[in-house]
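Residue strings, one per chain:
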Amino acid sequence: MKPARSLVLSLVAALAATLGAAWVALPAYAAGATASFVKTADWGSGWEGKYTITNGGSSTINGWSLAFDLPSGTTLGSYWDALLSSSGQRHTFTNRSWNGTIAPGASVSFGFLGSGSGSPGGCQLNGASCGGGTPPTTPPPTTPPPTTPPPTTPPPTDPPTGGLPKHLLTGYWHNFDNPAVELRLRDVPAEYDLVAVAFAEATATPGALTFGVDPGLAAALGGYTDADFTADVRTLHSRGKRVILSVGGETGRVTVNNAASATAFADTAAALIARYGFDGIDIDLENGLNPTYMAQALRALRAKVGSGLIIAMAPQTIDMQNPAGGYFKLALDIKDILTVVNTQYYNSGAMLGCDQNAAYGQGTVNFIVALACIQLEAGLRPDQVGLGLPAGAGAAGGGIVAPSVVNAALDCLARGANCGSFRPPRTYPGIRGAMTWSVNWDVSNGNGFANTVGPHLDTLP
């Protein structure tokens, strides 16, 4: 027997009063589609949010559009599992190809990053109210409350752009098959905080990018589609990880050297970020770049995607010897929006350090610290400097070091401890972390890099 409508409404009202005003009011009787919002993370200067759309009706929903306003001073950054169009502070998210159909009783969700302290308001789902009430900032309490252990590492209080930890481990994931082990993106080891997908490729249009799962990789994995990859990006997001698209590589031929190619770069990069759910872009152009127009392209991309866009760079050692060089100039020119520069401290031979007194041999603590010191003393913030090293045998032709050497270099820069004969002029407690080429080579070599360097980063000041 079904209860009378009046009894249902009374129970709903009583339950809403019990839960309190912080959580969105329950939908009216037979309300159909509703949407609820929750901040899944909040670090003061920004947050990560999620909307869940639930079909409470009896008919299948085919396509949805959810719009809301953000208050002045609060901006939208990266987003995933939806498409976005914005007009001022009004933002409209629509379904992707795989999540537009919602069966009765089913739900779908999408997420995004916000910068500022405000929360969404004025929510409308398919032109109607999202369900009434003020969007919540925390999930509703349960009775009794769940008993879960606290996290072993507390979240940072003020992480930089993109919601990344203070010290992070970056690894490149192969979108191709080679002698290293092939991996689905979801199988990247948990120690990696930031995964750079290698690589986006050039098209016939100067500056334009394209990306898709490599057929050779798909065959090696016994089948791996663009949809599988996109689902894996969402899986990594659910684990608190970030995924960026790397442009270039050793054979990359992406060229941005005028206003038209800068526009093409920004437009196509924004489209790929929206399609696959990437959190940002990585510039790994090993055949030169134009700092003026690449800066223009990256600023245009950030304007399209939002302040949560992660911008990383992976120059070769030679590219970061002099602030007047193209790569170094680019880093300094976009310092206000740059996340991290992970210089490749390998495949370079001996190089001068910041003391300009000696040529330090690659594969040593002295080499890593003395060359990182150049960036740290020539204008980049410590939180924008990462140490890029090979993951072991097979990953590079020279400069391979034991992971313990990477840890020693980090200690020397952050604390002034475990240095070699070269000591930097000061310590840099905010040094960002380490990068490795690559996740696949690390897994091939027993995860020694991730398992050694990852935990050590948590010990830095």
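For the structure itself, consult the block above.
1. Concerning the packing of helix 8 (residues 403-415) against helix 10 (residues 448-457)
Right, on to step 1. Where helix 8 meets helix 10, the closest approach of the two axes is 9 Å, and the angle between their N-to-C directions is 20°. Accordingly, the angle class assigned to the pair helix 8 and helix 10 is roughly parallel. Between helix 8 and helix 10 the crossing geometry is right-handed. The residues of helix 10 that touch helix 8, namely those facing P403, S404, V406, N407, L410, D411 and R415, are G448, F449, T452, V453, H456 and L457.
Right, on to step 2. Its residues assigned to classes, the contact of helix 8 with helix 10 shows 6 nonpolar, 5 polar and 2 charged.

2. Focus on the packing of aromatic side chains
Right, on to step 1. Going through the model one piece at a time under the given rule, you end up with 23 aromatic pairs.
Right, on to step 2. Plain terms: the ring middles of F199 and W437 are 6.0 Å apart, the flat faces sit at 10° to each other, and that makes the pair stacked. Of this pair, F199 sits in strand 13 (residues 194-202) while W437 sits in strand 22 (residues 433-437), and the two are 238 residues apart along the sequence.
Right, on to step 3. According to the relative accessible area criterion, W437 is buried, its value standing at 16%.
Right, on to step 4. Aromatic pair F211 and Y276: ring centres 5.2 Å apart, planes at 85°, arrangement edge-to-face. Separated by 65 residues along the polypeptide, F211 in the loop between strand 14 (209-210) and helix 2 (215-220) and Y276 in helix 4 (residues 259-276) bring together distant segments of the chain.
Right, on to step 5. Residue F211 is classed as buried on the basis of its relative accessible area, which comes to 7%.
Right, on to step 6. Among the aromatic residues, ring-to-ring pairing joins F37, Y51, W64, F68, F93, F110 and F112 into one connected group.

3. Examining the sheet that holds strand 11 (residues 128-129)
Right, on to step 1. If you walk across this open sheet you meet the 5 strands as 6-7-4-10-11, and the pairing is antiparallel. Whereas interior strands pair on both sides, the edge strands pair on one side only; in this sheet they are strand 6 (83-87) and strand 11.
Right, on to step 2. As defined by bridge partners, strand 6 adjoins strand 7 (residues 90-94) across 5 bridges and the pair is classed as antiparallel. Its bridge partner being in strand 7, S87 is matched across the sheet by R90.

Quick notes on the rules
Residues numbered from 1 in each chain as written. Predicted model: local features only at pLDDT ≥ 70, side-chain atom pairs only at ≥ 80, totals over all residues. Heavy atoms only, no water. Axes fitted to C-alpha atoms, helices over the stretch in contact; angles between N-to-C directions. Helix = DSSP H or I, 4+ residues; strand = E, 2+ residues; numbered from the N terminus. Parallel < 35°, antiparallel > 145°, perpendicular 65-115°, else oblique. Left-handed = near helix turned anticlockwise from the far one by under 90°. Contact = heavy atoms within 4.5 Å. Nonpolar A, V, L, I, M, F, W, Y, C, P; charged D, E, K, R; others polar. Phe/Tyr/Trp six-rings, centres within 6.5 Å; stacked < 30°, edge-to-face > 60°. Buried < 20%, exposed > 50% of the residue type's maximum accessible area, 1.4 Å probe, protein only. Pairing = 2+ DSSP bridges.

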